[in-house]
Amino acid sequence: MKLVKTLLVALLWIAAGSAYAENGRDMAVHVEVHLIPSLTLSDTQMLIGDESGKPVTVGGILRLAKLPGKQPVVVLIHGSSGMGANIEMWERTFNENGIGTFAIDGFTGRGIQSTSKDQSQLGRLNLILDAYRALNFLAHDPRIDPDKIMLMGFSRGGQATLYAAMTRLNRMWNTSGARFRAYIPFYPDCMTRYRDDTDVDGPIREFHGADDDYDPPSACAAYIERLQNAGEDAAMTVFPHASHAFDVPYAMPNAVVKGAQTVRACRIVENASGELINEATGAPFSFHDDCVQTDPHVGGNAQARDAAIANVIAYLKTLLGS
């Protein structure tokens, strides 16, 4: 019921926005709300392919950039605070450049508003399944080019985007018959080392702020280096003086997020049974572990945001041959 009410609100927002479509190039020419069947799973279930999770329906907003004809689409995954203003900014940015978008709301259907202060509410990998299910829907829509669907996410959604590239998870969970053309994670958590995580099935372009103390860029740099050493197409762009959530489309001074959990001091590894282990203790990882800290910073940075937009659009134009 809560999801239905949320979708009704979204439809009202769409109707209001569509009235101005003819006045702005960044507006979609057509917008739809879709329900995507998924599952709520633990990280271990995701890692071993256990499908016995709780069925759930997640929402998604499809914004088509042009009609008629097939078009590329970027799937967007939000962070721990849910659907934020940066999602709408990226939707408009892509639409203006002839690229459709599909923004997934992975929280509302699960009765979650935010996981910032309690990350245990949802497995960190669960949004990957939502992304694969969205891919299945999009790849069979005749208005969309199934070979030109990209995945992009932010923070928690960035982590999902980064590890959705793993060949192993694609084989277990992606039943769409398609693959994401590229993976574009923004400031993800890279503190976990998964088995076979250097075997990926598509190019990765990661973006981070140098001053991020929520999800440290150094951990992601180490992972990107491991991917490169394994011969994978992966690259990372780090913006100086930029913090977590640097791409917000408004002035947001760098500030502490009181009570927000961060695993920046943790080292987590997957064992042979698909369990996530706290490397320091040898016990299964928990968000009650001593290594879990709080009060990281977030803050906007217009220079980094604008540079990231230019970088992403240039990359997609090269990737898609447009």
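Right above here is the structure, for reference.
Rules of the game
- In this numbering scheme, every chain counts its residues from 1 along its sequence in written order.
- Per-residue local features of the predicted model are confined to residues with pLDDT of at least 70, and side-chain atom pairs are confined, for both listing and counting, to 80 or more; whole-chain, interface and lining totals are unaffected and use all residues.
- Heavy atoms throughout the structure, all of them, feed into the side-chain values; hydrogens and water do not.
- Each helix is a run of H or I in the DSSP string that is no shorter than four residues. Each strand is a run of E no shorter than two, and both are numbered from the N terminus.
- Between the two quantities, the radius of gyration covers C-alpha atoms and the globule rule is 2.2 Å times the number of residues to the power 0.38.
- Remark: exposure states derive from per-residue accessible area (1.4 Å probe, protein chains only) relative to the maximum for the residue type, with buried under 20%, exposed over 50%, and partly exposed in between.
- Computed by Shrake-Rupley with a 1.4 Å probe, the accessible areas treat only the displayed protein chains as cover when residues are assessed.
- His is not counted here, nor are the chain ends, while Lys and Arg score as positive and Asp and Glu score as negative.
- Charge positions are represented by NZ for Lys, CZ for Arg, CG for Asp and CD for Glu.
- At least two DSSP bridges between two strands are required for those strands to pair.
- Between two residues, a contact is recorded if the distance between any of their heavy atoms is within 4.5 Å.
- Centres within 6.5 Å are what make two rings of Phe, Tyr or Trp a pair, Trp counting through its six-membered ring; a difference in plane orientation under 30 degrees is then read as stacked, over 60 as edge-to-face, and the rest as tilted.
- Any pair of nitrogen or oxygen atoms within 3.5 Å is treated as a polar contact; in protein, a donor-acceptor pairing is required on top of that, and neighbouring residues in sequence qualify only through side-chain atoms on both sides.
- Here the expected span of a helix is defined as 1.5 Å times the quantity of residues minus one.
- Cysteine sulfurs are considered disulfide-paired once they come within 2.5 Å of each other.
- In this text, buried Ala, Val, Leu, Ile, Met, Phe, Trp, Tyr and Cys residues form a nonpolar core when linked through side-chain atoms within 4.5 Å.

Enquirer: Sorry if this is basic, but what is going on with the overall build of the protein here?
Expert: The number of helices and strands found in the protein is eight helices and 15 strands. Computed over its C-alpha atoms, the radius of gyration of the protein comes to 18 Å, within 12% of the 20 Å expected for a compact globule of 322 residues. Among the 322 residues that make up the protein, the fraction classed as buried is 56%. Surface exposure of the protein reaches about 13400 Å², of which carbon and sulfur atoms provide 53%. Across the protein, the centroid of the 28 positively charged side chains sits 4 Å from that of the 36 negatively charged ones.

Enquirer: What is the right way to look at the sheet that holds strand 7 (residues 192-193) in this model?
Expert: Pairing is mixed across the open sheet formed by three strands, whose spatial order is 7-12-13. Whereas interior strands pair on both sides, the edge strands pair on one side only; in this sheet they are strand 7 and strand 13 (276-278). Here strand 12 (residues 268-270) runs beside strand 13; their pairing, made up of three bridges, is antiparallel. Bridge pairing in strand 13 places I268 opposite N278.

Enquirer: Explanation requested: the environment of S273 in the structure shown.
Expert: Tracing the backbone through its elements, the reader meets S273 in the loop between strand 12 and strand 13. Sequence separation between S273 and T198 is 75 residues; the distance between their C-alpha atoms is 18 Å. Here S273 is in contact with T44 and I48, once residues within four sequence places are set aside.

Enquirer: What should I look at first to understand the packing of aromatic side chains in this one?
Expert: Aromatic ring pairs are described here by two measures, namely the spacing of the ring centres and the angle between the planes. On inspection of all chains with the given rule, the structure shows 16 aromatic pairs. An aromatic cluster is defined as three or more aromatic residues linked by ring pairs; in this entry it consists of W90, F94, F154, F186, Y187, F207, F239 and F246.

Enquirer: Just checking my understanding: could you explain the side chain of N126 for this structure?
Expert: Relative to the helices and strands, N126 resides in helix 4 (residues 126-139). Engagement of the side chain of N126 in a polar contact is seen with the backbone oxygen of L39, the distance being 3.0 Å.

Enquirer: It is not clear to me how helix 4 should be interpreted in this structure. Could you clarify?
Expert: Three- or four-residue spacings in an α-helix give side chains the same orientation, since the helix completes a turn every 3.6 residues. An ideal rise of 1.5 Å per residue puts 20 Å on 14 residues; helix 4 measures up with 20 Å between its terminal C-alpha atoms. Along helix 4, 11 of the 14 residues are buried, which leaves the element largely enclosed by surrounding structure. Every buried residue of helix 4 is accounted for by N126, L127, I128, L129, D130, A131, Y132, A134, L135, L138 and A139.

Enquirer: Help me understand the state of the cysteines in this model?
Expert: Where two cysteines share a covalent bond between their sulfur atoms, that bond is called a disulfide. Under the criterion given, the structure shown has two disulfides. For C190, the disulfide goes to C220, at an S-S distance of 2.0 Å. Linking C190 and C220, the disulfide has an S-S dihedral of approximately 90° and is accordingly described as right-handed. Note that C190 is positioned in the loop between strand 6 (183-186) and strand 7 and C220 in helix 7 (residues 217-229), a separation of 30 residues in sequence. A residue is classified by how much of its surface remains accessible, and C220, at 1% relative accessible area, is buried. Disulfide pairing places C266 opposite C291 at an S-S distance of 2.1 Å. Disulfide C266-C291: torsion about the S-S bond near 95°, hence right-handed. Here C266 is found in the loop between strand 11 (261-262) and strand 12, whereas its partner C291 is found in the loop between strand 13 and strand 14 (293-294), with 25 residues between them in sequence.

Enquirer: Just checking my understanding: could you explain the environment of A245 for this structure?
Expert: Mapped onto the elements, A245 comes out in the loop between strand 9 (234-239) and strand 10 (255-256). Of the residues examined, A245 reaches a relative accessible area of 14% and is grouped as buried. The spatial distance from the C-alpha of A245 to the C-alpha of G209 is 8.3 Å, given a sequence separation of 36 residues. For A245, the contacting residues outside a window of four places in its chain are Y187, M252, V298, G299 and G300.

Enquirer: Is there a simple way to think about the nonpolar core in this case?
Expert: Soluble, globular proteins show a tendency: their nonpolar side chains are buried together. The biggest cluster of nonpolar side chains holds 60 residues, and the ones touching the most others in it are F102, I128, Y163, F180 and I204. Not counting residues up to four positions away in its chain, the partners in contact with Y163 are L125, I128, L169, D189, C190, T192, Y194 and Y223. Core analysis: the next-biggest nonpolar cluster, separate from the first, contains 33 residues, F94, A242, A245 and I309 among them.

Enquirer: So what exactly am I meant to see when it comes to unusual backbone geometry here?
Expert: Keep in mind that most residues, glycine aside, have a negative phi and that most peptide bonds are trans. Here L67 and P68 are connected by a cis peptide whose omega angle stands at -10°. Along the chain, P68 falls in the loop between strand 2 (54-64) and strand 3 (71-77). Unusually for a residue other than glycine, D196 sits at a positive phi of about 60°. Along the chain, D196 turns up in the loop between strand 7 and strand 8 (204-209). Residues other than glycine seldom take positive phi values, yet H241 does so here, at roughly 60°. With respect to the secondary-structure elements, H241 resides in the loop between strand 9 and strand 10.

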